[in-house]
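Take a look at the letters that make up each chain.
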Amino acid sequence: MRGIYMKKTRKAHLWIGLICSIFILIESVTGLLMNEPWLIGQTQMEGNRGNFQPGQFNRGAMQQGTTTNSGQTQGTAQDQSQAQAPNGANSNGQAGQPGQSGQNAAANQFPGRPGAGGEGGSTSITGIIRGLHEGKIGTTNVKWLVDLVAIALIFLTGTGIYLSIKVLKADKKRRRRNAEGQVA
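These remarks concern the structure in this document.

About the criteria used
- Residues numbered from 1 in each chain as written.
- Predicted model: local features only at pLDDT ≥ 70, side-chain atom pairs only at ≥ 80, totals over all residues.
- Heavy atoms only, no water.
- Helix = DSSP H or I, 4+ residues; strand = E, 2+ residues; numbered from the N terminus.
- Contact = heavy atoms within 4.5 Å.
- Areas by Shrake-Rupley, 256 points an atom, 1.4 Å probe, with all protein chains shown as cover.
- Patch = residues over 30% accessible without salt bridge, like charges linked within 9 Å, V, L, I, M, F, W, Y side chains within 5 Å.
- Salt bridge = Lys/Arg side-chain N within 4 Å of Asp/Glu carboxyl O.
- Lys, Arg positive; Asp, Glu negative; His and termini not counted.
- Charge placed at Lys NZ, Arg CZ, Asp CG, Glu CD.
- Polar contact = N/O pair within 3.5 Å; in protein donor to acceptor, adjacent residues only side chain to side chain.
- Expected span 1.5 Å × (residues − 1).
- Buried < 20%, exposed > 50% of the residue type's maximum accessible area, 1.4 Å probe, protein only.
- Axes fitted to C-alpha atoms, helices over the stretch in contact; angles between N-to-C directions.
- Parallel < 35°, antiparallel > 145°, perpendicular 65-115°, else oblique.
- Left-handed = near helix turned anticlockwise from the far one by under 90°.
- Nonpolar A, V, L, I, M, F, W, Y, C, P; charged D, E, K, R; others polar.

## Thoughts on the overall build of the chain
In step 1: Regarding its fold elements, the chain presents five helices and four strands.
In step 2: Across the chain, the fraction of contacts at a sequence separation of at least 24, relative to all contacts at a separation of at least 6, is 40%.
In step 3: Of the roughly 13,400 Å² of accessible surface on the chain, 62% is carried by carbon and sulfur atoms.

In C-alpha cells, the structure reads:
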C-alpha cells in the first residue's frame, strides 16, 4: 500500500514541478529583463530603477491632475464623471470633502495609497514589496542580489525541466519494455 502511495506522490510531484517550473522560468526571465533592460538592447529609464515606474503596481488608481502632451491638465475619468452631491457626499453616496471624488476620498483614508502622502511610502507593505521588486531593502540597493536570484532560478528551473523530461522519457521506455515483455 505504501509503495502505491509513494509512486503516486512522486508522479504528482513530477508533473506539478514541471508545470510550475515553466511558469517560474518565465517569471525569472522576464523579471531579469525588466530589471536589466540592457540585456535586450534597451537603455535603463531611471537610474537604478530599471523599468519599474511609480504607480506601476497600482494601475487602478490614477493620480489626479495628469498632464497630457498638449500641456492640458486632466483628472481621472472617474473624477470628471462623478458629480458632487449635497453635504459633501459624492454620487456614490460616499462621504468626503467637498469637491473630492469617492476614489480620492477613499485614497486619503488609507495610508500607503496614492493621495495619502505619495506613492505608498517605504514603510507600508506595498512600499516594501515595491522596493524588493526594484532591488531595494530599505535604503540599501540590492539590485545585484535580485539579479543573482533570477539567474539562480533560471538555472534551477531549466535543469529541473531537463531532468523531468529525462524521467518522463525513461518511464515511457520502461512501460514500452514491460508491454512488449507481457505480449511475447
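## A look at a positive patch on the surface
In step 1: Taken together, the side chains of Lys7, Lys8, Lys11, Lys172, Lys173, Arg175, Arg176 and Arg177 make up a positively charged region of the molecular surface.
In step 2: Among the elements that line the positive patch, the one with the most residues is helix H5 (residues 143–183), at five residues.
In step 3: On the secondary structure map, Lys172 appears in helix H5.

## As for the side chain of Thr157
In step 1: One can find Thr157 in helix H5.
In step 2: Here Leu153 takes part through its backbone oxygen, which lies 2.7 Å from a polar atom of the side chain of Thr157.
In step 3: The contact partners of Thr157, leaving out residues within four places of it in the chain, are Ser21, Ile24 and Leu25.

## Details of the pattern of salt bridges
In step 1: Summed over the entire model, instances satisfying the criterion amount to three salt bridges.
In step 2: A salt bridge links Lys143 to Glu36; the shortest N-O distance between them is 3.7 Å. Pair noted here: Lys143 is in helix H5 and Glu36 is in the loop between helix H1 (2–35) and strand E1 (66–67), with a separation of 107 residues, a long-range link.
In step 3: Taking the shortest distance from any N to any O, the salt bridge between Arg174 and Asp171 comes out at 2.9 Å. In this pair, Arg174 and Asp171 both sit in helix H5, three residues apart, roughly one turn of the helix.

## Thoughts on H5
In step 1: Counted at 1.5 Å a residue, the expected span for H5 with its 41 residues is 60 Å, and the 60 Å between its end C-alpha atoms agrees.
In step 2: Taken together, the buried positions of H5 are occupied by Lys143, Asp147, Ala150, Thr157, Ile161 and Ser164.
In step 3: Residues of H5 that are buried sit in contact with H1 and strand E4 (140–141).

## Details of the environment of Gly138
In step 1: Structurally, the position occupied by Gly138 is in the loop between strand E3 (136–137) and E4.
In step 2: By relative accessible area, Gly138 is classed as exposed at 62%.
In step 3: For the pair formed by Gly138 and Thr123, sequence separation is 15 residues and the distance between their alpha carbons is 8.6 Å.

## Quick word on the environment of Gly17
In step 1: Inspection of the secondary structure puts Gly17 in helix H1.
In step 2: For Gly17, a relative accessible area of 27% corresponds to the partly exposed category.

## Digging into the packing of H1 against H5
In step 1: At a minimum axis distance of 8 Å, the contact between H1 and H5 shows a crossing angle of 150 degrees. On the basis of their axis angle, the class for H1 and H5 is roughly antiparallel. By crossing handedness, the relation of H1 to H5 is classed as left-handed. Seen from H1, the contacting residues are Leu14, Trp15, Leu18, Ser21, Ile22, Ile24, Leu25, Ser28, Val29, Leu32 and Asn35; seen from H5, they are Lys143, Val146, Asp147, Ala150, Ile151, Leu153, Ile154, Thr157, Ile161, Ser164, Val167 and Leu168.
In step 2: Across the contact of H1 with H5, the residue classes break down as 16 nonpolar, five polar and two charged.

## What about H1?
In step 1: With 34 residues, H1 extends 47 Å from end C-alpha to end C-alpha; this agrees with the ideal 50 Å at 1.5 Å per step.
In step 2: In this structure, the buried residues of H1 make contact with helix H4 (125–134) and H5.

## Quick notes on the environment of Ser21
In step 1: Among the secondary structure elements, Ser21 is positioned in helix H1.
In step 2: With 136 residues separating them in the primary sequence, Ser21 and Thr157 have C-alpha atoms 5.2 Å apart.
In step 3: In this structure Ser21 touches Thr157 and Ile161, once residues within four positions along its chain are discounted.

Function-wise, these values are silent; they only describe arrangement.
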